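Observations on the three-dimensional arrangement
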Amino acid sequence: MSQSTPTTDIRRDLVALLPRLRRFALTLTGSAPEADDLVRLVCGRAIHKSHHWKGEGRIESWLFSMMRSAWADDAKKRRKSDAASQSADLNAPAGDPARANYLLLSLPEGLASSFLLVEVEGFTYKEAAAVLGLSKDVLASRLCAARLKLAALGMDVAERRA
Amino acid sequence: MTLPNAQPSALELRLSSYLDGEASDQDKHELEALLVNDSQARVLHDSLKRGGEFGRRVLDDMLKEPVPLDLVRTIKNAPLPRRAVRLPQAPRAPLAFRPSGAQALLACLLFFGVGGGIGYMLAAHPPMPDFARTSAPASDARDWLDDVVAHYRLYERQESRLSEIGADRPADILQWLTTNTGVSFRIPNLSDSGLTFAGARLVAADGLPLGVLFYKRSDGENEVIALTFSKTRPDTGRPIEDIRNDTGLVSWSTPLATFVLVGPSSAADLDDIAAKAAGLI
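One structure accompanies this document, and this report is about it. Keep in mind the model is a prediction, meaning the values are calculated, not measured.

Looking only at helices and strands, one finds eight helices and zero strands in chain A. In sequence order, the secondary structure elements of chain A are arranged as α-α-α-α-α-α-α-α. Taking contacts inside chain A between residues at least 6 apart in sequence as the whole, the part at least 24 apart equals 66%. When the accessible surface of chain A is split by element, carbon and sulfur atoms take 51% of a total near 7,100 Å².

This is the structure we're talking about:
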């Protein structure tokens, strides 16, 4: 799925990538409704600009970059929705999606998306920094901070289970 | 709830980069040695590793969440943008004009020269005479032979006033016309062609004096033939046989004069008469 030729119907690629697009959107917005709105907006733009996609590199890079850019354009939405944060319950049972989301969304802004791109999506520092519009050093710093926070959260979850 | 965002230490950053394979070779060797010898570094390394594993597990779980159906429908039903269809056509020659520096310089010099030439011509020739000349194309098209024909047509009808000086005064004619036209001539005797000398006139053709010798047919048809002469004109270098306004004319030139024999276009022997006159005048 990482490669797509210009002649391919981009809508099929987008549908196949939807879970990953939503996940990345969630690391940006912090709330599921806003993430879905962002995904809808970016997918519409991607279809409209599909002739710009030349099939070179990973289509995810293009889509993630558009998503980050679209989110950054709307400064008001940069603040994570309090309502979404409050709706998640830290005391929810382990394995509950709402709890998992909360753990992720509780990370300071910018850490989750950096962590996702490098640790999960397998981007290099250079690629991830380009998608997020950051320098490599800032990305490395955010990634390290995300790992440390997640380690602390993991310990906390393990203690609660015990 | 948002956790405090403390800046990672230098060692944490190096270990994090080491986990991602982004550390330099030298840093990699140093960190591997440090992990063997430094227990605190090993703790940090394990903590970072654990955090990465935990986060990856959480994010992987996110993919198991169902995607909203309306989102899928929205994308699947979104209209694709129209694409411009390029029909097959013959390859066109490249139109790109990329002159080299030397070509551009040459073009500049050429335009400079042309512009200078145009400016010089405009300065040398006032616009009014040029306008008068270009605004009267009819006068350009009309040459001196038209004047000759016009005079012939005018006077050949004047039976009683054909000539200014009659044929009975040949000496006066010679002196008068020679003086005024600057052409030395004789009055040809064309009786062999059935022509009788009838007199002479002095007219102007295209601004130059033109001597006219009139002859009449001896057979009583009152047909008039005119032998005209003027100073050599540069535009009559070669003999001309022409018919203008039902009037025939034959022209020839010598180094000193230009001659035109004029008669009715019906005169079939005009060229023969001209040949004889050319030898006698």
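Continuing now.
Turn by turn, an α-helix covers 3.6 residues, leaving residues three or four places apart pointing in a common direction. For helix α2 (residues 32-48) of chain A, built from 17 residues, the straight-helix expectation of 24 Å at 1.5 Å per residue is met to within 8% by its first-to-last C-alpha distance of 24 Å. Every buried residue of α2 of chain A is listed here: Ala35, Asp36, Leu38, Val39, Val42, Cys43, Ala46 and Ile47 of chain A. Looking straight down α2 of chain A, one finds that the buried residues subtend no more than 160 degrees of arc, so they occupy a single side. Along α2 of chain A, the residues that are exposed and aim more than 90 degrees away from the buried face are Pro33 and His48 of chain A. On the buried face of α2 of chain A, the contacting elements are α1 (10-29) and α3 (59-73) of chain A together with α4 (69-76) of chain B. By the N-cap criterion, in which a side-chain oxygen at the helix start approaches the backbone nitrogen of a residue two or three places on, α2 of chain A is capped by Ser31 of chain A, the distance to Glu34 of chain A being 3.3 Å.

Quick look at the interface of chain B and chain A now. Between chain B and chain A, the contact holds 43 residues from the first and 51 residues from the second. For the pair chain B and chain A, the summed buried area comes to about 4,200 Å², and 67% of that belongs to carbon and sulfur atoms. Three residues, Phe54, Leu59 and Ile75 of chain B, lead the burial of chain B against chain A; their summed loss comes to 15% of the area buried on that side. Viewed at the interface, chain A and chain B are joined by nine residue pairs in polar contact (both at pLDDT 80 or more). Breaking the side of chain B that touches chain A down by element, the ones donating at least two residues are α1 (10-19), α3 (39-62) and α4 of chain B. For the side of chain B that touches chain A, the element with the highest residue contribution is α3 of chain B, accounting for twelve residues. Here the side of chain B that touches chain A is built from residues that sort into 23 nonpolar, ten polar and ten charged.

Next up on the list: the pattern of salt bridges. Following the criterion strictly, the structure yields 19 salt bridges over all chains and no others. Residue Glu30 of chain B pairs with Arg14 of chain B through a salt bridge whose shortest N-O separation is 3.1 Å. Here Glu30 of chain B is found in helix α2 (residues 25-37), whereas its partner Arg14 of chain B is found in helix α1, with 16 residues between them in sequence. The class for Glu30 of chain B is partly exposed, based on a relative accessible area of 40%. Here Arg169 of chain B ties to Asp172 of chain B by a salt bridge, and the two come within 3.0 Å at their closest N and O atoms. Under the relative-accessibility criterion, Arg169 of chain B is labelled partly exposed at 41%. The network of salt bridges with shared partners includes Arg20, Arg23, Arg58, Glu60 and Glu121 of chain A together with Asp60 of chain B.

Backbone hydrogen bonds hold the strands of a sheet together, and the pairing may be parallel or antiparallel. All names here are of chain B. Across the sheet, seven strands lie side by side as β1-β2-β3-β4-β7-β6-β5; this open sheet has antiparallel pairing. In this open sheet, the two edge strands, each paired with only one partner strand, are β1 (165-166) and β5 (240-244). Against the sheet, helix α8 (residues 144-155) engages β2 (195-205), β3 (208-217), β4 (224-231), β5, β6 (247-253) and β7 (257-264), with an angle of about 45 degrees to β7. Packed on one face of the sheet, helix α9 (residues 170-181) meets β1, β2, β3 and β4 and runs near 25 degrees to β2.

Thresholds, definitions, all that
Residues numbered from 1 in each chain as written. Chains lettered and ligands numbered in written order. Predicted model: local features only at pLDDT ≥ 70, side-chain atom pairs only at ≥ 80, totals over all residues. Heavy atoms only, no water. Helix = DSSP H or I, 4+ residues; strand = E, 2+ residues; numbered from the N terminus. Contact = heavy atoms within 4.5 Å. Areas by Shrake-Rupley, 256 points an atom, 1.4 Å probe, with all protein chains shown as cover. Expected span 1.5 Å × (residues − 1). Buried < 20%, exposed > 50% of the residue type's maximum accessible area, 1.4 Å probe, protein only. Arc of directions from axis to C-beta. Polar contact = N/O pair within 3.5 Å; in protein donor to acceptor, adjacent residues only side chain to side chain. Buried area = accessible area lost by both parts, 1.4 Å probe. Nonpolar A, V, L, I, M, F, W, Y, C, P; charged D, E, K, R; others polar. Salt bridge = Lys/Arg side-chain N within 4 Å of Asp/Glu carboxyl O. Pairing = 2+ DSSP bridges. Axes fitted to C-alpha atoms, helices over the stretch in contact; angles between N-to-C directions.

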